[in-house]
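These are the residues of each chain, in order.
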Amino acid sequence: MAIKKIYRVKRSKDFDQIFAAKHSFANKKFVVYTLNAEQPHFRVGLSVSKKLGHAVVRNRIKRLIRHAVAEFAPHLKNEDFVIIARVGIQELNFEEVKKNLKHILKLSKIYVDGEND
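We now turn to the structure provided with this report.

Rules of the game
- Residues numbered from 1 in each chain as written.
- Predicted model: local features only at pLDDT ≥ 70, side-chain atom pairs only at ≥ 80, totals over all residues.
- Heavy atoms only, no water.
- Buried < 20%, exposed > 50% of the residue type's maximum accessible area, 1.4 Å probe, protein only.
- Helix = DSSP H or I, 4+ residues; strand = E, 2+ residues; numbered from the N terminus.
- Pairing = 2+ DSSP bridges.
- Phe/Tyr/Trp six-rings, centres within 6.5 Å; stacked < 30°, edge-to-face > 60°.
- Arc of directions from axis to C-beta.
- Contact = heavy atoms within 4.5 Å.

With that settled, consider the pairing of strand 4 (residues 80-85). Counting buried residues in strand 4 gives 5 out of 6 residues, a clear majority hidden from the surface. Judged from the 6 bridges that link them, strand 2 (residues 30-35) and strand 4 form a sheet pairing that is antiparallel. By the bridge assignment, Y33 is partnered in strand 4 with V82. Summarising the sheet, strand 3 (residues 43-48) and strand 4 pair through 6 bridges and their orientation is parallel. Residue pairing across strands places L46 opposite I83, the latter belonging to strand 4.

Here the focus is the packing of aromatic side chains. For the structure shown, the criterion picks out 5 aromatic pairs. Look at F15 and F19: their rings are 6.3 Å apart centre to centre, the planes differ by 40 degrees, and that puts the pair in the tilted class. Of the two residues, F15 and F19 are both situated in helix 1 (residues 12-20); the distance of 4 residues between them amounts to about one turn of the helix. For F19, a relative accessible area of 30% gives the class partly exposed. With a centroid separation of 4.8 Å and an interplanar angle of 85 degrees, the aromatic rings of F19 and Y33 are classed as edge-to-face. In this pair, F19 sits in helix 1 while Y33 sits in strand 2, placing the two residues 14 residues apart along the sequence. A relative accessible area of 21% means that Y33 is categorised as partly exposed. Grouping aromatic residues by their ring pairs yields a cluster made of Y7, F42 and F81.

Turn by turn, an α-helix covers 3.6 residues, leaving residues three or four places apart pointing in a common direction. Within helix 1, the full set of buried residues consists of D14, F15 and I18. Each buried residue of helix 1 lies within a common arc of 100 degrees when the element is viewed along its axis, so the set occupies one face. Opposite its buried face, helix 1 presents the exposed residues S12, K13 and A20, each directed more than 90 degrees away. Buried positions along helix 1 lie against strand 2, strand 3 and strand 4. K22, located one to two residues past helix 1, shows a positive phi value of around 60 degrees.

Shown next, in the form of structure tokens:
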């Protein structure tokens with residue numbers, strides 16, 4: 001399942017707004033910036049630095065993150081957020097990326113689950 005365009009933060013202005021709010025949470029593999037925006041659904045932006053590798057590596061990382069976010073979609077609050085990948089993420093497999101991402105999204109209170117999984 002892919003994330004539709006309406007669920008993505010794309011414009012520079014939107015990224016700047018989210019960063020300006022200065023609500024950030026971090027773990028070893030991700031930094032998440034959040035902005036409580038009045039809207040009917042969440043929007044996510046991704047940032048993967050060139051420090052993490054060449055285009056193929058960065059695109060793989062973004063694909064893994066998008067796939068994990070798509071799986072979490074029913075549990076995500078209606079907020080804008082930006083996920084920044086940190087060095088070390090390129091060695092992780094999908095399950096590890098998912099685990100780390102879920103941890104940071106719960107920390108930032110974007111991920112709310114009904115059951116304990």
